[in-house]
Amino acid sequence: MENHQVIGVVLNALEDNNVNNILNVIPAVLDLAMPLQQPNLFHNIRRNRPRNDNYFEETIPLYNFDNFKSHFRMSPQTMEVFQVRSHGFPGIIGVMDSTHIKIKQPVDNAHDYYNRNKYHSVNLLAVCDQNCKFINVATGFPGRLHDARVFRVSDLGQALANDHHQLVFSDERHLLANCAYPLLPYIMTPFQDNGHLDDIQHNYNRKLSSVRSTIERAFGRLKGKFRRLNLLELTTPRLITTTIIAACILHNIVIENDGLSDDEYENDEDEQPNVLEHQHDHIQANLKRNAIAQALP
């Protein structure tokens, strides 16, 4: 299948209201490793998008998640761009957050998927770069799980907890996250505002927030572009997970080829963080955050 046919099938599947068409993305995505050559490809193909049928149950079981790994890459310019945007916040290699993907009530363990926003969902954990492209995603977690626990049990959280963070994170590098996540040497979070923050801490929080909005914008673009993610009418966990990850890959491809636009941006209702209570102080992380706060202009 040619690249223009692949993208046409996928865009059609994820924007269509016919749930059977969503899963057409799977055989197509397996061939997306080749770079797209035409900068205006998406504008040209949306007028005549091919349709495929009958992939609902047959193709998904053949899918291998390893095929998706090559689509998530870190940009060497990320730290520099984030530092400029934040007016001085150093060492940011990505911004992390979670969002809920609404699903039908599951037949089994429905209570586990009923989230704090009072609907059934799976949690999508993602890290994005300065261009709102996802560089790490994990999904399929029941919506009832706290964001911090989702991170802890994810492959990313497990790898970082096992000291693998030293392969990527020097003392000067870190992810940014909101107060739903733990403060760790490789995750910088805001000072919790208890009404007694000083000017240095307020300045730190403002600069962190100015960059952290990138992940909110990424989620807004993802759900605005692929509106089927506003309610996945699927019942098999594996199908739900593969569809969400396929949409994340397509999100990256659209940005890479068409750039950023707010035309299809949708406000994410999960913007209020589920604050992590009773967080244990991490001495090294606190010292690092205080040093960054003191050095910020």
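Predicted model, so just to flag it, every value in this text is computed and none were measured.

Cut-offs used in this document
Residues numbered from 1 in each chain as written. Predicted model: local features only at pLDDT ≥ 70, side-chain atom pairs only at ≥ 80, totals over all residues. Heavy atoms only, no water. Buried < 20%, exposed > 50% of the residue type's maximum accessible area, 1.4 Å probe, protein only. Helix = DSSP H or I, 4+ residues; strand = E, 2+ residues; numbered from the N terminus. Pairing = 2+ DSSP bridges. Salt bridge = Lys/Arg side-chain N within 4 Å of Asp/Glu carboxyl O. Contact = heavy atoms within 4.5 Å. Axes fitted to C-alpha atoms, helices over the stretch in contact; angles between N-to-C directions. Phe/Tyr/Trp six-rings, centres within 6.5 Å; stacked < 30°, edge-to-face > 60°.

Draft legend 1. Representation of the pairing of strand E1 (residues 92-102). Most of E1 is tucked away: 10 of the 11 residues are buried. Pairing between E1 and strand E4 (residues 174-176): 3 bridges, direction parallel. The residue bridging Val95 from the neighbouring strand is Leu176, located in E4.

Draft legend 2. Examining the pattern of salt bridges more closely. For the structure on display, the rule yields 3 salt bridges. Salt-bridge contacts for Asp97 lead to Arg212; the nearest nitrogen and oxygen are separated by 3.1 Å. Residue Asp97 is found in strand E1, and its partner Arg212 is found in helix H8 (residues 199-225); the two are separated by 115 residues along the sequence. Its salt-bridge partner being Arg212, residue Glu216 comes within 2.4 Å of it at the nearest N-O pair. Of the two residues, Glu216 and Arg212 both sit in helix H8, 4 residues apart, roughly one turn of that helix.

Draft legend 3. Highlighting unusual backbone geometry. Phi at Asn109 takes a positive value of approximately 55°, unusual for a residue other than glycine. With respect to the helices and strands, the residue Asn109 is situated in the loop between E1 and strand E2 (121-128). The backbone phi angle of Cys132 is positive, close to 70°, even though this residue is not glycine. Position of Cys132 relative to the elements: it lies in the loop between E2 and strand E3 (134-142).

Draft legend 4. Main features of the sheet that holds E3. Spatially, E3-E2-E1-E4-E5 is the arrangement adopted by the 5 strands of the open sheet, whose pairing is mixed. Bordering the open sheet on either side are E3 and strand E5 (187-188), each of which pairs with just one other strand. Across the face of the sheet, H8 comes into contact with E1, E2, E3, E4 and E5 while running at roughly 45° to E1. Here helix H9 (residues 237-258) sits on the sheet and contacts E1, E2 and E3; the angle it forms with E3, its principal contact strand, is near 160°.

Draft legend 5. Geometry of the packing of aromatic side chains. Scanning all chains against the criterion turns up 4 aromatic pairs. A centroid spacing of 6.1 Å and a plane angle of 35° characterise the contact between Phe134 and Phe219, whose relative ring orientation is tilted. Taken together, the residues Phe134 in strand E3 and Phe219 in helix H8 connect sequence positions 85 residues apart. Taking relative accessible area as the criterion, Phe134 reaches 1% and is therefore assigned buried. Ring centres of Phe151 and Tyr181 lie 6.4 Å apart, and the angle between their planes is 85°; this geometry places the pair in the edge-to-face category. Residue Phe151 is located in helix H6 (residues 147-153), and its partner Tyr181 is located in the loop between E4 and E5; the two are separated by 30 residues in the primary sequence. Accessibility expressed as a relative area gives 4% for Phe151, which makes it buried. Look at Tyr181 and you get buried, because its relative accessible area is 0%.

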